Amino acid sequence: MVFQSEREPGNPFYQIYVLDFETGDVQRVSPGQGKTTCAWIHPDGKSVLFASTQDDPEAKTKQEAEIALRESGEERRYAWDYDSNYELYRYDLATEKYTQLTDTQGYDAEGSYSPDGKWIAFASNRNAFSESLTATQKERFELDPSYMMDLFIMQADGTHVRQLTDVPGYDGGPFFSPDGQQICWRRFSEDGARAEIMSMNINGQDAQPLTRLGAMSWAPYFHPSGKYLIFTTNLHGFANFELYLVDAKGKREPVRVTYTAGFDGLPVFSPDGTKLSWTSNRTTSKQSQIFIADWDHQAALDLLQIDDAADEPTVDVGSAVAAAADSLQQTKAGFMPEDVLRHVDYLCRPELAGRRTGSEGEKLATAYVASLFDHLHLQPAGDNGSWYQEFEFTSGVSLGDDNLLAQDGVLFQVNEDWLPLSFSQTGEVAAAPIVFAGYGIVAPAADGQDEYDSFVHLDVKDKWVVAFRFMPENISAERRQHLAHHSSLRYKAMVARDRGARGLILVSGPNSQVSNPLVPLQFDGSLAGTSVPVISVTDQVVEGWLKASGKSLKQLQDSLDTGELAMGFALEAKPLNARIDLDQVQITGRNVLGRLQMGATPAAETILIGAHIDHLGKGAGPSSLARDDEKDGIHFGADDNASGVAAMLEVAQYLADRKASGKLQGQRDILFAAWSGEEMGLIGSSHFVKTYKSSAANHHGHGHGHGEHASSNDTSATSAASNLGASVVDHGDAHADAHAHSHVALESLYPAISACLNMDMVGRMEKKLVLQGVGSSSIWRSEIEKRNAVLGLPITIQEDSYLPTDASSFFMKGVPILSAFTGSHADYHTPRDTPDKLNYDNAAKIAHFMALVAQSLAKAETSPDYVAQAAPKEGQRRANLRAYLGTVPDYAESDVKGVLLSSVAKGGPSEQAGIRGGDVIVNLAGKKIENIYDYTYAIEALKIGQEVTITVQRGDERLDLKVTPGSRD
């Protein structure tokens, strides 16, 4: 064992010693001159690594000064000395020689070897001496030299030094994992008041916190199994340090190991994991000494609830409960930015993996909210008196084990040569001949456009129909818009089915510029299938079929892309048979519901305050806008919609506190809801509405039709709360087929919902807060003015109440809505939507504003009136977009003629064209642009790869720029 100790008379500084466990002999390996720290035995047992100031010219002088100070009887307050003369040395036990490994001004120390002995990880503040510091950095460094500490890695001979961390504050104490692939360390907060345990890959990537205790947690060390770490923390008192365990992935709350008052710290395991050594002052003299004990590995696994045989431990919902309790202890019943941050931070933890509906991450997120509701003394309002309202839904479609596509004994490989589509009929498909039907489009004449029919004089009965995926490429913009609706894959399948086809085969074709030749097997949110098999195949497969007919796919597509019709024909290829096996993935999601009751019994009316808690999860899905290099990442959803949930929790804490202190009395109760399934089509809120027995529409005495918005999907960052792209037609039926579970009759709790307040993406307010749904009640304008008088938020008002967010589920049932939103951004629906990019000051102010509105509604003598709105025009349908420009509209500016851009996607066609955030698009490809609908359908008419003119207003300038649309596929 190697250790540091002050044990020699006349030497006031730590020196490095090696203890021989065979003989009990102790040997000093440091020279006895200068300060030393942080030693490590090389894995081969032949040398020792440590940090020392032994070559400091002032070493002896400093030693004498320290001795003189102690002899004077004066005591120095303990503080670690980050002497800038510390360097790393290797001591050869056989030759007793020292080799200096670093020689850079600054504190180089806290070194450790990798398990194979080839690398050294260490901590250093060397950058403070070699780089230009800002005024703030200089000030902080002078007060605390550890402020500039970062982690480095180098080869064992001191060469190839590489920096691993670069954040403000102290990163230190790095140790390798048993497999040598990760490093654990301690990261202090920027103010040095707290520290947490971290881990990362040895290349410095994928850094993640393993603890979030909000205390001084440090000195982590891996168990040789690699399944957990032991560390030191003062969670139980400033001077009371105890040992704790945490699993290696940080998925569970840490568990306590020691229970002795005072100091227990600096733990290390023996190489075989059967012994634990640590430092403790549990001695009679209260001086720190080294202790050693037997270690029970299985007991540690049991405490952490880790299955030793499992690679992935199950999610421990208890950790969410503990995190909620900690959050409540740390937060106040006000509107503090740091409180919003605490909630957002938990909801965006890696172990929640993006909070996809029905996932383990969603369970953790909803357990966290339910626990907070419980601590706030709300009353459960979910199923059977619980906090949760569950709903079952189809989350996706996957390939079954029994898929087959064959032709005359030749098998095609699923996932390589072909794939079924998610809405395909399943089962056996008897062998049938194949015909070619061009683009497979049938569109009647309309609006001056001629009829288009790919099936003229083509016999398709009981035959496979091969058709191109999209629409002709080289047609006019007007023709493109005319054919758009009729070129969807579902529409093509319907047309082929109605003409008696055996099945539909889709092929992309060489002109289509797609990254994936096969149609991805992605669930499109609808359970509606078709009664014919629908598959996609590669270009190469169809080329093989065409060869016998003396034709090529390229020639056929070139001819059809002119827009001229060509007769379909029968292929001379052999008949094709198939077997389609698809599995619908049925899972359960859950809402969280808690009621703040004003009186001894439930009130006759309630105010609903909601925010959706779900996001997209991990990996690319149909709603992801991730770049190719990040498609496998976690979609953290910090703004969308951890920000809204955090704001809702702030409102709940504030109003619960006012109720408890007697400052809030009202006519109406307040129901707080964390909805799930919003990203999949408002499933959770729609399920609530469908199972809510009392009709809120009857209460308000109004009704209205349902409809859809148009879509502006032209962006890598179009906001869910304002892209006008999600259907608002009874999402519970269209998207979920959600089944009601047994539950408490909600009408017995809430005979009427008077108003719905919603917060969806409220974390990135820079210019304005957008309040949507103002047209749903005549009271909103006055109410907004009154409550904002004390806050002074810059507000934009939008009348529209048909919104692709949970508030729409209530508006379409006759409930007035007010929805808060702070605008779209380039990180929307990507893994880049992270907590560090939120504006927490403004998020706290928005929560405050919504709390004041809720309080006013709860106390009002009368409930808000409901104002119906006409559904969006039929022409404002969802667009069928393939072209991509990479623009991010700014929905906060509703009074602008044209489309104001908040930003453009980095590297996208618009940025390359010179378009900037702040530009107003007024014309695209000859089409006048006055609003988002004009812009959407102008994009629909664009051809991929064909340059067009885009006109923007930039201040007083009107600029004509050239942009070349990219492809979304």
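Nothing here was measured: the structure is a model prediction, and the numbers come from that model.

1. Description of the overall build of the chain
The helix and strand tally for the chain stands at 21 helices and 53 strands. Counting only residues that meet the buried cut, the chain has 57% of its 969 residues in that class. Of the contacts formed within the chain by residues at least 6 apart in sequence, a portion of 68% connects residues at least 24 apart. When the accessible surface of the chain is totalled, it reaches about 39,400 Å², and 48% of it is carbon and sulfur.

2. So, the nonpolar core
Counting 74 residues, the largest nonpolar core has Tyr-368, Phe-373, Ile-609, Met-648, Leu-655 and Phe-672 as its most contacted members. Here this core gets 13 residues from one element, more than from any other, and that element is helix H19 (residues 840-859). With sequence-adjacent residues up to four places away left out, Phe-672 is seen in contact with Phe-373, Leu-378, Val-592, Leu-593, Gly-594, Leu-596, Ile-609, Met-648, Val-651, Ala-652 and Leu-655. Judged by nonpolar contacts, the second largest core, of 59 residues, contains Leu-88, Ala-109, Ile-153 and Phe-222.

3. Description of the packing of helix H7 (residues 360-375) against helix H12 (residues 638-660)
At a minimum axis separation of 11 Å, H7 and H12 run at an interaxial angle of 10°. Taken as axis vectors, H7 and H12 run roughly parallel relative to one another. Contacts from Tyr-368, Val-369, Leu-372 and Phe-373 of H7 reach H12 at Val-645, Met-648, Leu-649 and Ala-652. Grouping the amino acids of the contact of H7 with H12 by side-chain chemistry returns eight nonpolar, no polar and no charged.

4. Quick notes on the pattern of salt bridges
Considering all chains together, one arrives at 35 salt bridges under this definition. Residue Asp-462 pairs with Arg-502 through a salt bridge whose shortest N-O separation is 3.9 Å. Of this pair, Asp-462 sits in the loop between strand E31 (452-453) and strand E32 (464-468) while Arg-502 sits in the loop between helix H9 (489-498) and strand E33 (503-507), and the two are 40 residues apart along the sequence. Assessed through its relative accessible area of 37%, Asp-462 is described here as partly exposed. With its nearest N and O atoms 2.5 Å apart, the salt bridge here joins Glu-783 to Arg-787. Taken together, the residues span about one helical turn, with Glu-783 and Arg-787 both in helix H17 (residues 780-788) at a distance of four residues. Residue class for Glu-783 comes out buried when judged on its relative accessible area of 8%. Exposure remark for Arg-787: the relative accessible area of 23% places this residue in the partly exposed category. If you follow the salt bridges from partner to partner, you end up with Arg-627, Glu-630, Arg-764, Asp-827, Arg-832, Asp-833 and Lys-837 in one network.

5. Regarding the pairing of strand E36 (residues 576-580)
The side-chain alternation of E36 yields one buried face, formed by Leu-576, Ala-578 and Ile-580, and one unburied face, formed by Asn-577 and Arg-579. The pairing of strand E25 (residues 404-407) with E36 spans four bridges and is classified as antiparallel. Across the sheet, the residue bridging to Ala-406 is Asn-577, located in E36. Where strand E28 (residues 427-432) and E36 come together, four bridges link them in antiparallel fashion. Residue pairing in the sheet places Ala-432 in a bridge with Leu-576 of E36.

6. Regarding the sheet that holds E33
Ordered by their spatial adjacency, six strands build an open sheet running E27-E34-E33-E32-E29-E35, and the pairing between neighbours is mixed. At either margin of the open sheet sits one strand with a lone partner, and together these are strand E27 (418-420) and strand E35 (569-570). Alignment of E32 against E33, held across five bridges, turns out to be parallel. Its bridge partner lying in E33, Trp-464 is registered against Gly-503.

7. Points about the packing of aromatic side chains
Overall, the coordinates contain 35 aromatic pairs when judged by the stated rule. Where Tyr-221 meets Phe-269, the ring centres are 6.4 Å apart and the plane angle is 55°; that geometry is what we call tilted. Of this pair, Tyr-221 sits in strand E16 (residues 217-222) while Phe-269 sits in strand E20 (residues 264-269); the two residues are 48 residues apart in sequence, bridging distant segments of the chain. Both residues of the pair, Tyr-221 and Phe-269, belong to the buried class.

8. Considerations on the pairing of strand E44 (residues 795-798)
Only one face of E44 is buried, namely the one carrying Thr-796 and Gln-798, since none of Ile-795 and Ile-797 on the opposite face is buried. Sheet analysis places strand E43 (residues 769-772) next to E44, joined by four bridges and oriented parallel. Bridging across to E44, Leu-771 finds its partner in Ile-797.

9. With respect to the sheet that holds strand E26 (residues 410-412)
Taken in spatial order, the four strands line up as E26-E25-E36-E28 in an open sheet, and their pairing is antiparallel. Of all strands in the sheet, those bounded by a partner on one side alone are E26 and E28. Averaged over all pairs of adjacent strands, the angle between strand axes in this sheet comes to 15°, irrespective of strand direction.

10. Remarks on the confidence of the model for the chain
Detailed reading of the predicted coordinates is not advisable wherever pLDDT is low. In this model, the chain carries a mean pLDDT of 86, and residues with pLDDT of at least 70 account for 89%. Across residues 694-750 the pLDDT falls below 50, and counting only partners more than four positions away or on other chains, this stretch makes 206 contacts in the model. Note that pLDDT drops below 50 for residues 873-879; the model gives that stretch 23 contacts with residues more than four away or on any other chain.

11. Digging into H19
Its 20 residues place the ends of H19 29 Å apart at the C-alpha level, agreeing with the 28 Å of an ideal helix rising 1.5 Å per residue. At the N-terminal end of H19, a side-chain oxygen is found 3.4 Å from the backbone nitrogen of Asp-841, two or three residues along, and the residue is Asn-839.

12. Re the side chain of Asp-539
Tracing the chain through its elements places Asp-539 in helix H10 (residues 539-547). Arg-469 is the oppositely charged side chain nearest to the buried, salt-bridge-free Asp-539, at an N-O distance of 7.9 Å.

13. Details of the packing of helix H6 (residues 337-347) against H19
At their nearest, the axes of H6 and H19 sit 8 Å apart, and the two run at 100° to each other. If you check the angle between H6 and H19, you find them roughly perpendicular. Within the contact between the two elements, H6 uses Pro-337, Val-340, Leu-341 and Val-344 and H19 uses Tyr-840, Asp-841, Ala-843 and Ala-844. Partitioning the contact of H6 with H19 into residue classes produces seven nonpolar, no polar and one charged.

14. Points about the environment of Gly-775
For Gly-775, the location among the structural elements is in the loop between E43 and H17. Sequence separation of Gly-775 and Asp-800 is 25 residues, and the distance between their C-alpha atoms is 6.2 Å. Excluding anything up to four places from it in sequence, Gly-775 contacts Gln-798, Glu-799, Ser-801, Val-867 and Gln-869.

15. Things to note about the environment of Tyr-91
Tracing the sequence through the fold places Tyr-91 in strand E6 (residues 87-92). According to the relative accessible area criterion, Tyr-91 is buried, its value standing at 4%. It is 9.8 Å that separates the C-alpha atoms of Tyr-91 and Pro-31, two residues lying 60 residues apart in sequence. In contact with Tyr-91, not counting residues within four places along its chain, are Gln-27, Val-29, Lys-46, Ser-47, Val-48, Phe-50, Glu-96, Lys-97 and Tyr-98.

16. Description of unusual backbone geometry
The residue after Asp-640, namely Asn-641, is reached through a cis peptide bond having omega 5°. Along the chain, Asn-641 falls in helix H12. Despite not being glycine, Glu-110 has its phi angle at roughly 55°, a positive value. Secondary-structure assignment places Glu-110 in strand E8 (residues 108-113). One non-glycine residue with positive phi stands out, namely Ala-925, at about 55°.

17. Observations concerning the side chain of Arg-480
Along the chain, Arg-480 falls in helix H8 (residues 477-484). Buried charge Arg-480 goes without a salt bridge, the closest partner of opposite sign being Glu-473 at 4.7 Å. A polar contact is formed between the side chain of Arg-480 and the backbone oxygen of Leu-942, at a distance of 3.5 Å. If we skip the residues at most four places from it in the chain, Arg-480 touches Met-471, Pro-472, Glu-473, Ile-475, Glu-940, Ala-941, Leu-942 and Lys-943.

18. Examining the environment of Leu-791
With respect to the secondary-structure elements, Leu-791 resides in the loop between H17 and E44. Here the alpha-carbon distance between Leu-791 and Ile-846, two residues 55 residues apart in the chain, equals 9.0 Å. Ignoring any residue separated from it by four or fewer positions in sequence, one finds Leu-791 in contact with Lys-845, His-848, Phe-849 and Leu-852.

Definitions and limits used
- Residues numbered from 1 in each chain as written.
- Predicted model: local features only at pLDDT ≥ 70, side-chain atom pairs only at ≥ 80, totals over all residues.
- Heavy atoms only, no water.
- Helix = DSSP H or I, 4+ residues; strand = E, 2+ residues; numbered from the N terminus.
- Buried < 20%, exposed > 50% of the residue type's maximum accessible area, 1.4 Å probe, protein only.
- Contact = heavy atoms within 4.5 Å.
- Areas by Shrake-Rupley, 256 points an atom, 1.4 Å probe, with all protein chains shown as cover.
- Core = buried A, V, L, I, M, F, W, Y, C linked by side-chain atoms within 4.5 Å.
- Axes fitted to C-alpha atoms, helices over the stretch in contact; angles between N-to-C directions.
- Parallel < 35°, antiparallel > 145°, perpendicular 65-115°, else oblique.
- Nonpolar A, V, L, I, M, F, W, Y, C, P; charged D, E, K, R; others polar.
- Salt bridge = Lys/Arg side-chain N within 4 Å of Asp/Glu carboxyl O.
- Pairing = 2+ DSSP bridges.
- Phe/Tyr/Trp six-rings, centres within 6.5 Å; stacked < 30°, edge-to-face > 60°.
- pLDDT = per-residue confidence, 0-100.
- Expected span 1.5 Å × (residues − 1).
- Polar contact = N/O pair within 3.5 Å; in protein donor to acceptor, adjacent residues only side chain to side chain.
- Lys, Arg positive; Asp, Glu negative; His and termini not counted.

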